[in-house]
Amino acid sequence: LNTRLEIFPTWQLDDLHERNPFNLLFPVAPELDVVALSLYPGGSPLSGPKYTPATMPANYFERVRSGIGSSQPIWVAETGYGDSALATLGTPGSPHLQRDYIAWLVGQAESQNIQQLTWFFPADAWGVIELAPPASQAWLGFFGPMGLRKRDLTRKPALDAWDEQLARPYTGTLPR
């Protein structure tokens, strides 16, 4: 029985790619129990067209994996992708893109031996966003359509894709 509590910071992967501060992560990675990453690629890059699953750089996780080595555990501590586009923020989104993002994410997890994936929003967050101060609602709206369920908790097609992946056997290396 492993009763050891693992503690780790979360590194924002989109920011690592956008601003290139990998030199901050790589020296401390050997001291971390887990290299935990968060990513919301529908909002990246900061300028120009935002990523869709089809336009994600092929090395999005690979650069981290190669910089920390093959034995260091990687977890996706939080992620999401919207099922609807937000014109005011210039972010893409559709039910099809949300499903495709799940397939892309699982493919990355398998190829880079990522041991845990956490979809951050079980349901659309619009009700919470509406309670935020008006000045914050615009940028928080980015997260609004990222749930695997709609606001009324009905299933989105992406939840079926998530459940399909969850039901498959894990093909990576088990956690230490």
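Residues numbered from 1 in each chain as written. Predicted model: local features only at pLDDT ≥ 70, side-chain atom pairs only at ≥ 80, totals over all residues. Heavy atoms only, no water.

**Here we look at the pattern of salt bridges**
1) Next: One pass over the full model with this rule turns up seven salt bridges.
2) Next: The salt bridge partner of Lys156 is Asp124, with a shortest N-O separation of 2.5 Å. Note that Lys156 is positioned in the loop between helix 6 (134-140) and helix 7 (157-167) and Asp124 in the loop between strand 4 (114-119) and helix 5 (126-131), a separation of 32 residues in sequence. A single burial state applies to Lys156 and to Asp124, both of which are buried.
3) Next: Residue Arg155 is joined to Asp160 by a salt bridge in which the shortest nitrogen-to-oxygen separation is 2.8 Å.
4) Next: Each of Asp83, Asp124 and Lys156 takes part in one network of salt bridges that share partners. (Salt bridge = Lys/Arg side-chain N within 4 Å of Asp/Glu carboxyl O. Helix = DSSP H or I, 4+ residues; strand = E, 2+ residues; numbered from the N terminus. Buried < 20%, exposed > 50% of the residue type's maximum accessible area, 1.4 Å probe, protein only.)

**A word on the nonpolar core**
Among soluble globular proteins, nonpolar side chains are generally buried collectively.
1) Next: Val35, Leu37, Phe61 and Val64 are the most contacted members of the largest nonpolar core, which totals 33 residues.
2) Next: Every element with two or more residues in this core is listed here: helix 1 (13-19), helix 2 (22-25), strand 2 (35-39), helix 3 (62-68), strand 3 (74-79), helix 4 (95-111), strand 4 and helix 7.
3) Next: Looking at which element gives the most residues to this core, the answer is helix 4, with seven residues.
4) Next: Discounting chain neighbours no more than four positions away, the residues touching Leu37 are Thr10, Trp11, Leu13, Leu16, Phe61, Val64, Ile74, Trp75, Val76, Ala77 and Glu78.
5) Next: Ranked by size, the runner-up nonpolar core spans six residues in total, among them Tyr40, Phe121, Phe142 and Met146. (Core = buried A, V, L, I, M, F, W, Y, C linked by side-chain atoms within 4.5 Å. Contact = heavy atoms within 4.5 Å.)

**Section: the pairing of strand 2**
On a regular strand, each side chain points to the face opposite its neighbour's, so the side chains alternate between the two faces of the sheet.
1) Next: Most of strand 2 sits inside the fold, with five of its five residues counted as buried.
2) Next: Across the two faces of strand 2 the burial is the same, with Val35, Leu37 and Leu39 and Ala36 and Ser38 all buried.
3) Next: In the sheet, strand 1 (residues 10-12) pairs with strand 2 via three bridges, with the strands oriented parallel. In the sheet register, Thr10 faces strand 2, and the bridge partner there is Ala36.
4) Next: Pairing geometry for strand 2 and strand 3, over five bridges, is parallel. Opposite Val35, over in strand 3, you have Ile74 as the bridge partner.
5) Next: For the crossover from strand 2 across helix 3 to strand 3, the handedness is right-handed. (Pairing = 2+ DSSP bridges. Right-handed = clockwise from strand over helix to strand, strands pointing away.)

**Comments concerning the sheet that holds strand 4**
Picture the strands of a sheet paired through backbone hydrogen bonds; they go either parallel or antiparallel.
1) Next: Pairing within the open sheet is parallel, and its four strands lie in the order 1-2-3-4. This sheet does not close on itself; its edge strands, each paired only once, are strand 1 and strand 4. With strand direction ignored, the average angle separating the axes of adjacent strands in the sheet is 25 degrees.
2) Next: Here helix 4 sits on the sheet and contacts strand 2, strand 3 and strand 4; the angle it forms with strand 4, its principal contact strand, is near 160 degrees. (Axes fitted to C-alpha atoms, helices over the stretch in contact; angles between N-to-C directions.)

**Points about the pairing of strand 4**
1) Next: Taken together, the four bridges between strand 3 and strand 4 define a ladder with parallel strand orientation. The residue of strand 4 that forms the bridge with Val76 is Leu117.
2) Next: In this fold, the crossover linking strand 3 to strand 4 by way of helix 4 has right-handed handedness.

**Some words on the packing of helix 4 against helix 7**
1) Next: The N-to-C vectors of helix 4 and helix 7 enclose an angle of 20 degrees; their axes lie 8 Å apart at closest approach. In terms of axis orientation, helix 4 runs roughly parallel to helix 7. The two elements helix 4 and helix 7 meet at a crossing, and its hand is right-handed. Packed against helix 4, whose contacting residues are Pro95, Gln98, Arg99, Ile102, Leu105 and Val106, the element helix 7 presents Pro157, Ala158, Asp160, Ala161, Trp162, Glu164 and Gln165 at the interface.
2) Next: Its residues assigned to classes, the contact of helix 4 with helix 7 shows eight nonpolar, two polar and three charged. (Parallel < 35°, antiparallel > 145°, perpendicular 65-115°, else oblique. Left-handed = near helix turned anticlockwise from the far one by under 90°. Nonpolar A, V, L, I, M, F, W, Y, C, P; charged D, E, K, R; others polar.)

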